[in-house]
Amino acid sequence: MNHSGQVPTLAKIVTAARAGSLDHASALFRAGGYDRAMDDPAALAVAGRLAKDRALRAPPADRAALMHQAAQAYARAFAIDPQPYTRINEATLTLLAGDGARGQALARDLLDWLDSGVPFAETPYWLAATRAEAHLLLDDRPQAEANLARAVALAADSREDQATTVRQLCLILTQAGADSAWLDPYRPPRALNYAGHLGVAEAQIASLAGRVRDVLVDHAIGAGFGALAAGADLVIAGALLDHGAELHVVLPTAPATFIEQSVAPYGPHWLAQFERASAEAASLRWVSSVSGAYEPLATNLSADVAMGASVLHARRMASEAVQLLVIDDGDGPYGRGRDTAYLGERWRGGPPPDPMRHDRHRQQVCLVAPRSAAVAPSGAKPPEGRADRCLTAMLHIAFEGLDQLDDAGFAQALDTVIAPFREAADRILPRPDVVLPSGNARIVAFFDPDAAWQYAAALLALPEAAGLVRIAGHYGLAHWLGEPRALVGTSVSALAALAPAALPGVVTATETLASAIFVNQADAVHAEEIGEWRGDRLFALTPDVGTLAGQDAEASCQ
């Protein structure tokens with residue numbers, strides 16, 4: 001039983017497993033009595049899922065045994081209620097456990113069964129994808145590719161299903177040491193992060209739109225992430241919509257404030273384009289409630305979210321992210337645009353290359369388009385916004401069950417858990433920029449989201465933290481107070497409100513923090529969407545240890 005006295009559902013357990021909180025998922029599985037439900041095929045399939053997830057995150061020496069355990073669970077589920085998905089999982093996991101002959105035999109039996117004419121409840125997509133996987137297990141690439149092409153044609157809009165299939169096929173190819181380049185045409189389209197300067201010269205708009213369309217076609221773009229400022233943003237957004245791509249808008253402020261600052265002053269034709277793009281966008285969000293004077297930090301925050309969201313989207317789709325910048329003809333690699341330079345340098349890792357950056361292989365395309373003579377270069381703007389405002393990545397760190405202890409239990413936990421954990425945490429680098437008490441928890445804050453992630457990952461790796469530490473994370477604007485040093489503001493209160501929802505063993509992060517981390521740390525982080533919170537997506541972040549499901553597979557399959 002859990003704290004609420006209710007038996008956890010299998011769906012809740014799978015959600016925790018997807019999030020990477022495997023200890024928590026296993027505890028819920030046992031609490032629900034599912035580990036004893038040997039006659040329940042659904043419970044057995046979840047047991048197989050948990051063992052598979054552990055195998056994919058385990059050291060190489062431990063993977064085979066866990067893969068075998070997962071295969072056996074799926075085999076028991078199949079014996080009770082035969083289903084194609086349990087049999088194909090058993091076959092693939094058996095091969096990944098090292099028994100290729102048995103895995104291939106299971107794949108042959110499955111194909112014979114699928115050819116027998118028996119009706120199945122699975123969708124046509126998953127039946128074709130299952131055939132593709134079975135043929136790949138049999139080293140029959142032509143038939144695997146033919147069935148993969150058929151699956152994609154049957155569900156051209158099911159991008160996440162396609163990504164799941166590609167990942168599964170990658171596991172098999174990685175195990176065999178085989179080339180995976182042939183999978184590239186079947187990956188979902190790429191994601192685009194876009195930005196550029198204000199006030200593109202009117203005579204350049206049509207030409208720029210044409211060049212943008214060429215980029216979208218050449219790079220097979222299916223979704224774009226950015227703002228809608230007058231000029232390059234709106235030209236690109238319009239081209240994305242005309243191309244049939246999803247448009248995901250990320251604004252620094254609420255639309256009314258954004259229009260007042262970054263659209264209306266540059267002409268009514270831009271306002272009409274803003275209204276079209278915002279109406280047709282697949283999503284529209286803003287990352288702060290700042291109003292009044294222009295706040296560069298809010299612009300930086302929205303830029304981080306848009307960049308990272310494009311990478312998160314690409315990762316979820318087993319695809320790639322590309323950045324498109326429209327620059328003026330000023331000096332420097334990104335022209336004279338201050339905000340454009342911020343995006344370009346963050347995407348590339350910064351000059352000089354940032355040693356904390358893990359992913360240095362993303363594509364970046366720069367198009368030159370002159371500014372309108374009526375628009376001053378953004379780099380010439382004087383500093384604006386409040387002097388006490390800062391952009392910060394915050395972590396709320398607490399222990400599972402600590403607040404439910406009585407005095408004696410708390411004293412024991414203080415000696416055996418809290419004090420050793422605190423001593424170990426104090427040795428972790430980088431050190432937080434701010435440390436704040438928060439009841440029986442603490443809040444630590446960093447001005448660099450990469451540093452926040454490295455600190456959080458180090459905390460999760462501490463033996464003293466195993467299965468006990470709950471970390472909630474948020475990235476946003478706050479106000480910096482002097483001595484005694486403190487952070488205050490709506491972002492700090494939002495973090496405190498999020499903390500009770502944190503899962504143990506992971507960083508439960510808002511989309512703003514997850515996105516900011518993914519700008520430069522994508523290869524170091526495994527992210528799973530686990531629900532919504534206050535209208536935004538919520539993610540569970542865990543270190544990507546470079547396992548078969550992580551960097552090893554992606555290195556060969558992307």
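The structure this text deals with has already been given above.
Structure report, in brief. (Residues numbered from 1 in each chain as written. Predicted model: local features only at pLDDT ≥ 70, side-chain atom pairs only at ≥ 80, totals over all residues. Heavy atoms only, no water.)

The next thing to look at is the pattern of salt bridges. Pairing of side chains with opposite charge becomes possible as their charged atoms draw close. One pass over the full model with this rule turns up 22 salt bridges. Taking the shortest distance from any N to any O, the salt bridge between Arg49 and Asp53 comes out at 2.8 Å. Taken together, the positions of Arg49 and Asp53, both in helix H3 (residues 41–57) and four residues apart, correspond to about one turn of that helix. Taking relative accessible area as the criterion, Arg49 reaches 24% and is therefore assigned partly exposed. With a relative accessible area of 7%, Asp53 lands in the buried category. Here Arg141 and Glu145 are joined by a salt bridge, their closest N and O atoms 3.7 Å apart. One end of the pair, Arg141, and the other, Glu145, are both in helix H8 (residues 141–154), four residues apart, so they sit about a helical turn from each other. The exposure class of Glu145 is partly exposed, given its relative accessible area of 22%. One salt-bridge network, held together by shared partners, links Arg285, Glu511, Glu529, Asp536 and Arg537. (Salt bridge = Lys/Arg side-chain N within 4 Å of Asp/Glu carboxyl O. Helix = DSSP H or I, 4+ residues; strand = E, 2+ residues; numbered from the N terminus. Buried < 20%, exposed > 50% of the residue type's maximum accessible area, 1.4 Å probe, protein only.)

Here we take up the sheet that holds strand E1 (residues 190–196). Spatially, E4-E3-E2-E1-E5-E6 is the arrangement adopted by the six strands of the open sheet, whose pairing is parallel. Each edge of the open sheet is held by one strand with a lone partner, namely strand E4 (283–286) and strand E6 (363–368). On average, each strand axis in the sheet is inclined to that of its neighbour by 20 degrees, with strand direction left out of account. (Pairing = 2+ DSSP bridges. Axes fitted to C-alpha atoms, helices over the stretch in contact; angles between N-to-C directions.)

What follows covers the packing of aromatic side chains. Taken as a whole and assessed by the stated rule, the structure comprises eight aromatic pairs. When the centroid spacing of 5.1 Å and the interplanar angle of 85 degrees are considered together, the rings of Tyr125 and Trp126 count as edge-to-face. You can call Trp126 partly exposed: its relative accessible area is 27%. A centroid spacing of 5.4 Å and a plane angle of 50 degrees characterise the contact between Phe446 and Tyr455, whose relative ring orientation is tilted. Taken as a pair, Phe446 and Tyr455 share a single burial class, namely buried. Among the aromatic residues, those joined into a cluster by ring pairs are Phe78, Trp113 and Phe120. Between Arg87 and the ring centre of Phe78, over which it is positioned, the NZ or CZ distance is 3.7 Å. (Phe/Tyr/Trp six-rings, centres within 6.5 Å; stacked < 30°, edge-to-face > 60°. Lys NZ or Arg CZ within 6 Å of the ring centre and 35° of its normal.)

So, about the nonpolar core. Counting 63 residues, the largest nonpolar core has Leu395, Ile397, Phe421, Trp453, Tyr455, Leu459 and Leu541 as its most contacted members. Element by element, the count of residues in this core is highest for helix H14 (residues 296–316), at 10 residues. Setting aside residues up to four positions removed in sequence, Leu395 forms contacts with Arg442, Ile443, Val444, Phe446, Ala452, Tyr455, Ala456, Ile471, Ala472, Gly473, Leu495 and Leu513. (Core = buried A, V, L, I, M, F, W, Y, C linked by side-chain atoms within 4.5 Å. Contact = heavy atoms within 4.5 Å.)

Side chains Val507 and Ala509 of strand E12 (residues 507–510) all project onto a buried face; the interleaved residues Thr508 and Thr510 project onto the opposite face, where all are buried too. Here E12 runs beside strand E14 (residues 536–543); their pairing, made up of four bridges, is antiparallel. For Thr508, the partnering residue across the bridge sits in E14 and is Ala540.

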